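Listed below are the residues making up each chain.
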Amino acid sequence: MIKYEPVIGLEVHAQLKTASKMYCSCNSDYQNAAPNTRVCPVCLGLPGALPVINREAIKSIIMIGLALNCSISEYSKFDRKNYTYPDLMKGYQVSQYDLPVCLDGYMDLSIEGTSKRIGIERVHMEEDVAKLSHHIDSVSGQGYSLVDVNRSGVPLVEMVSRPDIRSAEEARQYLINYQTILRYLGVSTANMDEGSFRCDANVSIRPEGQKEFGTKVEIKNMNSFRSVFRAIEYELERQSDVLSSGGRVTQETRGWLEDKGVTISLRSKEEANDYRYFPEPDLPPLSISKNWVSEIASSLPELPSTKKTRFMKQYELSEYDSSLLTNSYRIADYFEKSVSIASEEFELGKNSAKSIANWTITELTKLSNEYSIEIYDSKVTPNHLAELISLIEKNVIGTPQGKTVLAEVFVSGDAPTRVVEKLGLAQISNSSELDSIVITVISENPNAVADYKSGKETAAKFLVGQVMKATQGKANPSVVSGIIVEHLKSM
Ligand SMILES: [Zn+2]
């Protein structure tokens, strides 16, 4: 049987968070407004209306290009992409054809410890279309559609990868990375479920070892990372079945049906020349100065991959833990704030960073999932977390009590120290109190004592367990162990 190699390229559209639209001054927040209220002659596509380039959008696309290691064109221009559809007000979309703002970049992925570089062909500027909604008239039973033009003209950045992706998992990672980068840059909400981050996949297969590409199929309508993954897996298998049974893959656009878990044929794929691209006569070409680019470059925030590497070094965290913490810059900020409070206010040592990382990744994440509240929006502040770690490190409470305290802080927002008092969770640190409990436990367990005397050192552990039980876990096991051994030796 012939083995086939997947060849995948992704096209991702991200809406920018600029205040106004791409070519007019309408408010670009199209979601929080009554339909067709954020419109003007430009985004309605009225004849004679003249567009103007949004400078903030160009700044955003330059930031994206730099973050994706692209070169930024000094000379760029806009082109009309012509096609007709009811959601396209002008009958053309103002996009970029042969001179995009950003060219030739790459993104490094880390998949199960091995790194993989995916080439980025281009990143260009375009505009969103109006929103259609489809309805059925309850009386006549006839279908009809409504158009909301608020979204028309909202800036879109399209990023096109090279066909370097070799599996559905690589595609998923690539999208997650890109989403994280956009959020770090603060240029897009990049929410897939709201439609501000959309992905089309070009998928083909070829016999292993063959240089030439197979016929590619474009997949649309994938609304989550999971559906991108599933759609690509499905399509790879479908194409392999077609080829294995002697058939030929047709070049076409297919749509993913989430509930059925299949792709279906939508139409034969258009070629670029079907769009009759030509230069936009109403907009001047863009000239982007080197100074402006270097100014933007110097103001870029620390990017996810750099932050991840820094966390590994600075806090001695594993790659896995670092990437969990840096997947969201807000969680990364939360973590670092807590670490600095732990050292400055609670005077904890370097190791506390590891504890804070662990508690953030495990217990806090668990609570955040349980209550569907982001960690940084929860009542547990970075200060609370540092205080909790301090209570544990100073043996005021043990780890199991720490979990109870954290759960309580998550709900009430009370300071950990107060919660410890309120719930009476403090460890018994009074040694005479502990001493008398140890004496009782020893007198009640003569067999364990005899075992210890005959050389079975594990018997001491059993006695520690009995003391922990008697104190409902409120004793420090290593302190208890010390007292027990002292008593046993003197017997
Ligand atoms: Zn407008």
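Parameters at a glance
- Residues numbered from 1 in each chain as written.
- Predicted model: local features only at pLDDT ≥ 70, side-chain atom pairs only at ≥ 80, totals over all residues.
- Heavy atoms only, no water.
- Helix = DSSP H or I, 4+ residues; strand = E, 2+ residues; numbered from the N terminus.
- Polar contact = N/O pair within 3.5 Å; in protein donor to acceptor, adjacent residues only side chain to side chain.
- Contact = heavy atoms within 4.5 Å.
- Pairing = 2+ DSSP bridges.
- Donors = N, O, S within 2.8 Å, 3.2 Å for Na, K, Ca; no water.
- Tetrahedral: all angles 85-135°; square planar, octahedral: opposite > 155°, others 65-115°.
- Buried < 20%, exposed > 50% of the residue type's maximum accessible area, 1.4 Å probe, protein only.
- Salt bridge = Lys/Arg side-chain N within 4 Å of Asp/Glu carboxyl O.
- Phe/Tyr/Trp six-rings, centres within 6.5 Å; stacked < 30°, edge-to-face > 60°.
- Lys NZ or Arg CZ within 6 Å of the ring centre and 35° of its normal.
- Axes fitted to C-alpha atoms, helices over the stretch in contact; angles between N-to-C directions.
- Parallel < 35°, antiparallel > 145°, perpendicular 65-115°, else oblique.
- Left-handed = near helix turned anticlockwise from the far one by under 90°.
- Nonpolar A, V, L, I, M, F, W, Y, C, P; charged D, E, K, R; others polar.

Student: Whenever I open this one, the side chain of threonine 471 confuses me. Can you help?
Tutor: Mapped onto the fold, threonine 471 is located in the loop between α15 (458-470) and α16 (477-489). Here methionine 468 takes part through its backbone oxygen, which lies 3.2 Å from a polar atom of the side chain of threonine 471. Contact partners of threonine 471, with chain neighbours within four places excluded, come to Ile428 and Ile437.

Student: Before we go on, may I ask you to explain the sheet that holds strand β5 (residues 92-95) in this structure?
Tutor: Note: strands within a sheet are paired through backbone hydrogen bonds, in either parallel or antiparallel orientation. Strand order across the open sheet formed by three strands is β5-β4-β15, with antiparallel pairing between neighbours. With one partner strand each, in any of the chains shown, β5 and β15 (278-279) form the two edges of the open sheet. In this structure, strand β4 (residues 79-82) lies alongside β15, joined through two bridges in antiparallel fashion. For arginine 80, the partnering residue across the bridge sits in β15 and is phenylalanine 278.

Student: Sorry, what's going on with the coordination of the zinc ion here?
Tutor: The textbook angles at a metal center are 109.5 degrees for a tetrahedron of four donors and 90 or 180 degrees for an octahedron of six. Donor atoms from the polypeptide that coordinate the zinc ion comprise Cys24 (SG), Cys26 (SG), Cys40 (SG) and Cys43 (SG), at 2.3 to 2.4 Å from the metal. Seen from the zinc ion, its four donor atoms lie at angles of 101 to 114 degrees, and the figure they make is tetrahedral. Taken in chain order, the donor set of the zinc ion reads C-x1-C-x13-C-x2-C. In this pair, cysteine 26 sits in the loop between β1 (4-15) and α1 (41-44) while cysteine 40 sits in the loop between β1 and α1, placing the two residues 14 residues apart along the sequence. Neither cysteine 26 nor cysteine 40 differs from the other in exposure class; each is buried.

Student: Whenever I open this one, the pattern of salt bridges confuses me. Can you help?
Tutor: Where charged atoms from two side chains of opposite charge approach closely, those side chains can pair. According to the stated counting rule, one finds 31 salt bridges in the structure shown. When the shortest N-O distance is used, the salt bridge between glutamate 280 and arginine 80 registers 2.8 Å. Taken together, the residues glutamate 280 in the loop between β15 and β16 (286-287) and arginine 80 in strand β4 connect sequence positions 200 residues apart. By the burial criterion, glutamate 280 is buried, and arginine 80 matches it. Residue lysine 116 pairs with glutamate 170 through a salt bridge whose shortest N-O separation is 2.9 Å. Taken together, the residues lysine 116 in strand β7 (residues 114-127) and glutamate 170 in helix α3 (residues 168-185) connect sequence positions 54 residues apart.

Student: What exactly am I supposed to notice about the sheet that holds β1 here?
Tutor: One open sheet holds the nine strands; their spatial order is β2-β6-β7-β10-β1-β11-β12-β13-β14, and the pairing between them is mixed. With one partner strand each, in any of the chains shown, β2 (71-72) and β14 (262-268) form the two edges of the open sheet. Two elements, β1 and strand β11 (residues 197-207), share eleven bridges in a ladder whose sense is antiparallel. Residue pairing for β11: alanine 14 is matched across the bridge by phenylalanine 197.

Student: What should I look at first to understand the pairing of β5 in this one?
Tutor: Along any regular strand, the residues point their side chains to alternate faces of the sheet. Where burial is concerned, the two faces of β5 agree: the one with Tyr92 and Val94 and the one with Gln93 and Ser95 are both buried. In terms of strand pairing, β4 meets β5 through four bridges, oriented antiparallel. The residue of β5 that forms the bridge with arginine 80 is valine 94.

Student: Just to check I follow, could you spell out the packing of aromatic side chains for this structure?
Tutor: What describes a pair of aromatic rings is the distance from one ring centre to the other and the angle between the planes of the rings. For the coordinates displayed, the defined rule picks out twelve aromatic pairs. Ring centres 6.3 Å apart and planes at 80 degrees place the aromatic pair phenylalanine 197 and phenylalanine 225 in the edge-to-face group. Residue phenylalanine 197 is found in strand β11, and its partner phenylalanine 225 is found in helix α4 (residues 225-244); the two are separated by 28 residues along the sequence. Owing to a relative accessible area of 17%, phenylalanine 225 belongs among the buried residues under this scheme. The structure contains a cluster of three or more aromatic residues connected by ring pairs, namely Tyr83, Tyr97, Tyr275 and Tyr277. The positively charged end of arginine 55 is found above the aromatic ring belonging to tryptophan 292, 4.3 Å away from the centroid. Note that arginine 117 overlies the ring of tyrosine 106, its terminal NZ or CZ placed 3.7 Å from the centroid.

Student: What is the right way to look at the environment of tyrosine 83 in this model?
Tutor: Mapped onto the secondary structure, tyrosine 83 falls in the loop between β4 and β5. Looking at tyrosine 83, the relative accessible area reads 27%, which means it is partly exposed. Sequence-distant contacts of tyrosine 83, that is, excluding residues within four places in its chain, are made with Leu88, Gly91, Tyr92, Gln93, Val129 and Tyr275.

Student: Mind showing me how you'd approach the packing of helix α6 (residues 304-314) against helix α8 (residues 329-344) here?
Tutor: A pair of packed helices is characterised by two quantities: the angle between their axes and the separation of those axes. Remark: α6 packs on α8, axes separated minimally by 12 Å, with the N-to-C direction vectors making an angle of 25 degrees. The angle between α6 and α8 places the two elements in the roughly parallel class. For α6 against α8, the interelement crossing comes out left-handed. Every residue of α8 that contacts α6 at Lys307, Arg310, Phe311 and Gln314 is listed here: Ala332, Asp333, Phe335 and Glu336. Partitioned by chemical class, the residues of the contact of α6 with α8 number three nonpolar, one polar and four charged.

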